[in-house]
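Overview (structure and organization)
Each chain, letter by letter, is given below.
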Amino acid sequence: MWAILRPNSIAVVGASRDPSKIGSRILRNILSSGFQGVVYGVNPNASEVLGVRCYPSVLDVPGAVDLAVVAVPARFVPQVVEECGRKGVKAVAVISSGFKEVGNTDLEKEVVEIAKKHGIRILGPNIVGVWDTRTPINYSFIDANPLPGSVAFISQSGALMTSLLWWTRERGIGFSCLVSIGNRADVGEADLLALLREDPRTKVVAIYIEGLGLGEGRKFLDEALETSTVKPVIVLKAGRSEAAVEAIRSHTGSLAGSDEVYEAALKQARALRAASLRELFNWALALALSPEPGEGTAVILTHGGGAGVMAADVLNGMGVPLAPLPQDLQERLRKFMPPFGSARNPVDLTGMMTAESLRGALVEVLRDPRVGAVLVWAGQGAIPTPEELGEAVVSAVREVGLAKPLIVSITGGGECREVLKRLIQAGVPSYESPEDAASALAAVYRYYRRRGERKGEPARVEGDRARAKEILGRARAEGRVLLTPVESFEVARAYEIPVVEYAFAPDLETAAKAARVIGYPVALAVETPDVAHKTDVGGIALNIKSEEELRAAYAKVMEVFARNVPKARVFGVSVRKMMPRGFEAFVGARRDPVFGPVVSFGWGGVMVELVRDFSLRVAPLTQDDIEDMIEETKAGKVLKGYRGPPLDVEALKNIVASVASLMEDFEEISSVDANPIFVYEKGAVAVDVKVYLKA
Ligand code: ACO
């Protein structure tokens, strides 16, 4: 895999004699990128291109080849990869388009199969290429190189990568590598995360994702989580995956659109999710250059109240509140401002600020251990000039060093651009707008706060697998996709989910007997595998207080249900104890085509769709994941005692763990929906459970 970034020998297959063709451009870029290794050309119609010796086939190349870069029409690629395999090449980057992206899925599969057979890793196809600034190498067809630096950028879109190369160069943002992964037929984001985690030159991994492949989500999540413990992973996720297409049957599942699943998975991976390209690179820059924030408050140092307030708003909104500075520090800062300035926080040096006073105040806050991070905003005015502002910052940094994050914003005309670039080169992340600077600083805080969090103990419930298997097997044998209420309760119980006391009754007399045992009041529900939401069709009677009422209710439920859904099978009824109302929560799960089992928790009951208060996580879960799920919701606040006594959160957490484990253990379950669950001060009880099987 490392050969993709750091080859020693490289063969360009399709090294064209025509300088305008891609194969020729790639060869030229490799030669001019300062690559120190051996380069070969492969072209049956040429013996030499750009001074590089060419061979008819990779098989004819005399020396070893670490990496083959392929730029021949798509239809020839399988044969080229086969020859690479026979030659012993272990990494192949396929630049060529004309595969899955235009519907040629079979051709792409063929290439991957040939590669697998030979133990080759394929990058692409349909890529613009790769830049690695350490090797150094540029084997793309773009004749420009990024600035060297410590951000690794992985992108599914080649065009985006190319345009960003110029955009970031102008701003002074440097890269360890840029990897275009195109159709990602073999090497994907997860593989590269594992690789870049080990790369000391890469300090931040930035990824642009359109969608992960089916079933790949968990691997990506695990690699991103592992990487996040040593360096930040920032993800821009655009578009919608196939996940949204999956028919979602249960109520709770229907809340979980695919983007929400990505959002949850990225949180779980402790990755930062950027909402735009601008955020992606602004954050990457700040994280690449900044050390960990210190203990004390963040400080905004400015000469304009407005920008200070705006920056404070952004910081606050992203969870970085500002605290007033200690009195003695305020006293020292007052030396650098007129009497009408403010030394609280934001520190406002006012319109009287000079380059000298900015420098002096900056030295104070950089030096004080009670300041965790510093954000400087200055606008272009008459005095000082942007150059003088930049100089003041650089000079303060030279004096004190950068042991805490320092982020600068200078807003104004074109002259500011150059100053910002120079600041970045001096190691200070710098931006035009104060909001961008504040958002970048907040991202630094976010990363370091989450990095410190534990990954957590696994939250597993070892259920009675045999019992659950038996029930699920029976339903499957009958070709059903929905378990009856009683079957669903049984499966839930097998996984230690506390359910309401119930009994199955095939007829009225058995129902009456069961009610006597359970004790009134009871509820009746038609036992059917054909209707999920029985209330809508009159299949449920609640709060039955006596046998007389039970007999009447039984007759009515059977009659109305049969009238409304005449084709539904009826096995009898379930008699359930009427439970006192508790706080209504739900726990559900569904199988996402990308991430696998996704578990949800939230505010339950009939208002679930209206309230839309829920959180999601990808199973397997850890205890910390479950804690986060509860924390994220309003329901969680109620459970922990909002204007009332705290409720049994632990009981609910156990149900979340049970549902997750059930989904993990049984591939054939497509979704589970326990709603409502009554949560009491002591205990929690699922009053209704629905288990669906894959069609
Ligand atoms: N082995 C070695 N060389 C071969 C082979 C072979 N099997 N077959 C052909 N060649 C040689 C040809 O002789 C030719 O060399 P010559 O010009 O000296 O005669 C050279 O390889 C190129 O072959 P052509 O048939 O001329 O192909 P062309 O260069 O027109 O196109 C390419 C090949 C560039 C791979 C094209 O098919 C393609 O896929 N273009 C799109 C690439 C792309 O956009 N990738 C995604 C980027 S991501 C983004 O969004 C920007």
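Whatever comes next refers back to the structure up there.
So, here is what we can say about the structure in this document.

How each quantity is defined
- Within any chain, residue numbers begin from 1 and follow the written order of that chain's sequence.
- Restriction of local features to residues with pLDDT of at least 70 applies here, the model being predicted, together with a cutoff of 80 or more for giving and counting side-chain atom pairs; totals for whole chains, interfaces and linings are based on all residues.
- Water and hydrogen atoms were dropped before computing side-chain values, which therefore reflect all heavy atoms in the structure.
- Only DSSP runs of H or I reaching four residues or more are called helices, and only runs of E reaching two or more are called strands; each is numbered from the N terminus.
- Summary of the burial criterion: residues with accessible area below 20% of their type's maximum are buried, those above 50% are exposed, and those between are partly exposed, where the area comes from a 1.4 Å probe applied to protein chains only.
- Whether two residues are in contact is decided by their heavy atoms, any of which lying within 4.5 Å being enough.
- Surface accessibility follows the Shrake-Rupley procedure with a 1.4 Å probe radius. Residue values consider only the protein chains on display as shielding.
- His is not counted here, nor are the chain ends, while Lys and Arg score as positive and Asp and Glu score as negative.
- In this description, the location of a charge corresponds to atom NZ of lysine, CZ of arginine, CG of aspartate or CD of glutamate.
- Two strands form a pair only when DSSP identifies at least two bridges running between them.
- Nearness here has a simple test: a residue counts as near a molecule or strand if at least one of its heavy atoms is within 4 Å of that partner.
- Counting of polar contacts relies on pairs of N or O atoms within 3.5 Å, with two restrictions inside protein: one atom must be capable of donating a hydrogen and the other of accepting it, and residues adjacent in sequence are counted only when both atoms are side-chain atoms.
- Amino acid classes used here: Ala, Val, Leu, Ile, Met, Phe, Trp, Tyr, Cys and Pro are nonpolar; Asp, Glu, Lys and Arg are charged; the rest, including Gly, are polar.
- A patch consists of residues exposed above 30% relative accessible area that lack any salt bridge, with like charges linked at up to 9 Å and nonpolar side chains (Val, Leu, Ile, Met, Phe, Trp, Tyr) linked at up to 5 Å.
- Salt bridge, as applied in this entry: a Lys or Arg side-chain nitrogen positioned within 4 Å of an Asp or Glu carboxyl oxygen.
- Buried residues of nine kinds, namely Ala, Val, Leu, Ile, Met, Phe, Trp, Tyr and Cys, make up a nonpolar core once their side-chain atoms join them within 4.5 Å.
- Count a disulfide wherever a pair of cysteine sulfur atoms falls within 2.5 Å.
- Classification of ring pairs uses Phe, Tyr and Trp, with its six-membered ring standing for Trp, and accepts pairs whose centres are within 6.5 Å; under 30 degrees between planes counts as stacked, over 60 as edge-to-face, and the remaining range as tilted.

This next bit is on the overall build of the chain. On a plain count of helices and strands, the chain comes out with 22 helices and 29 strands. When its C-alpha atoms are laid out on the principal axes, the chain stretches across 95 × 80 × 35 Å. Within the chain, the proportion of its 695 residues that are buried is 59%. Sequence separation of 24 or more characterises 72% of the internal contacts of the chain that already satisfy a separation of 6 or more. When the accessible surface of the chain is summed, it comes to about 27,600 Å², and 53% of that surface belongs to carbon and sulfur atoms. Treating the 82 positive side-chain charges of the chain as one cloud and the 86 negative ones as another, the clouds have centres 1 Å apart.

Right, let's get into the sheet that holds strand 5 (residues 67-70). Taken in spatial order, the seven strands line up as 3-4-2-1-5-6-7 in an open sheet, and their pairing is mixed. A single partner strand is all that each edge strand has here, and the edge strands are strand 3 (48-49) and strand 7 (121-123). Here two bridges tie strand 2 (residues 38-42) to strand 4 (residues 52-55), and the two strands are oriented parallel to one another. The residue bridging glycine 41 from the neighbouring strand is cysteine 54, located in strand 4.

As a further point, take the site of the ligand. Looking at the ligand, there are 24 residues lining it, with Ser16, Arg17, Lys21, Asn43 and Ser97 nearest. Take asparagine 43: an N or O atom from its side chain is 2.9 Å from an oxygen atom of the ligand. One nitrogen or oxygen atom from the side chain of asparagine 45 is found 3.0 Å from an oxygen atom belonging to the ligand. Protein contacts shield 74% of the accessible area of the ligand, which totals 1,000 Å² for the unbound molecule. The residue makeup of the shell around the ligand, split by class, is 14 nonpolar, eight polar and two charged.

It is worth spelling out a nonpolar patch on the surface at this point. On the surface, Val606, Met607, Leu610 and Val611 cluster together into a nonpolar patch covering about 440 Å² of accessible area. Inspection of the secondary structure assignment puts valine 611 in helix 19 (residues 608-611).

In this structure, Ile10, Ile30, Leu123, Tyr139, Ile207, Phe220 and Phe595 are the most contacted members of the largest nonpolar core, which totals 61 residues. By residue number, the principal contributor to this core is helix 7 (residues 258-268), which donates five residues. Contact partners of isoleucine 30, with chain neighbours within four places excluded, come to Ile10, Val12, Phe35, Val39, Ile137, Asn138 and Tyr139. Core analysis: the next-biggest nonpolar cluster, separate from the first, contains 56 residues, Ala475, Phe666, Val672 and Val679 among them.

The next point concerns the side chain of glutamine 330. With respect to the element layout, glutamine 330 can be found in helix 10 (residues 327-334). Given a relative accessible area of 5%, glutamine 330 falls into the buried group. Leave out the neighbours within four places in its chain, and glutamine 330 touches Leu325, Ala343 and Arg344.

Quick look at a negative patch on the surface now. A cluster of like negative charges, contributed by Glu387, Glu388, Glu391 and Glu415, occupies part of the molecular surface. Mapped onto the fold, glutamate 388 is located in helix 12 (residues 386-400). Assessed through its relative accessible area of 38%, glutamate 388 is described here as partly exposed.

Bringing the environment of arginine 480 into the picture now. Along the polypeptide, arginine 480 turns up in the loop between helix 15 (465-477) and helix 16 (485-494). A relative accessible area of 5% places arginine 480 in the buried class. The residues contacting arginine 480, other than those within four sequence positions of it, are Ala475, Glu487, Pro529, Arg569 and Leu693. A distance of 3.5 Å separates the side chain of arginine 480 from the backbone oxygen of leucine 482, its partner in a polar contact.

Here we come to the state of the cysteines. Under the criterion given, the structure shown has zero disulfides. No disulfide involves cysteine 84; its sulfur sits 15 Å from that of cysteine 54, the nearest cysteine.

Glancing now at the packing of aromatic side chains. Each aromatic ring pair is described using two quantities: the centre-to-centre distance and the angle formed by the ring planes. Across all of its chains, the model carries 10 aromatic pairs by this definition. Note on tyrosine 495 and phenylalanine 666: the rings are 6.3 Å apart at their centroids and 80° apart in plane angle, and the pair reads as edge-to-face. Taken as a pair, tyrosine 495 in the loop between helix 16 and strand 20 (502-505) and phenylalanine 666 in the loop between helix 22 (649-665) and strand 27 (669-679) lie far apart in primary sequence, 171 residues in all. There is no split in this pair, since tyrosine 495 and phenylalanine 666 are both buried. Between phenylalanine 583 and tryptophan 603 the ring centres are 5.0 Å apart and the planes differ by 70°, which places this aromatic pair in the edge-to-face class. Placement of phenylalanine 583 in strand 24 (residues 583-592) and of tryptophan 603 in strand 25 (residues 596-603) is noted, with a sequence separation of 20 residues between them.

In this section: the pairing of strand 27. With 11 of 11 residues buried, strand 27 is to be regarded as a mostly interior element. Pairing analysis gives seven bridges linking strand 24 to strand 27, with the strands arranged antiparallel. Of the residues in strand 27, the one forming a bridge with phenylalanine 583 is valine 679. Pairing of strand 27 with strand 28 (residues 684-686), which is carried by three bridges, proceeds in the antiparallel orientation. When the bridges of strand 28 are listed, isoleucine 677 appears paired with alanine 686.

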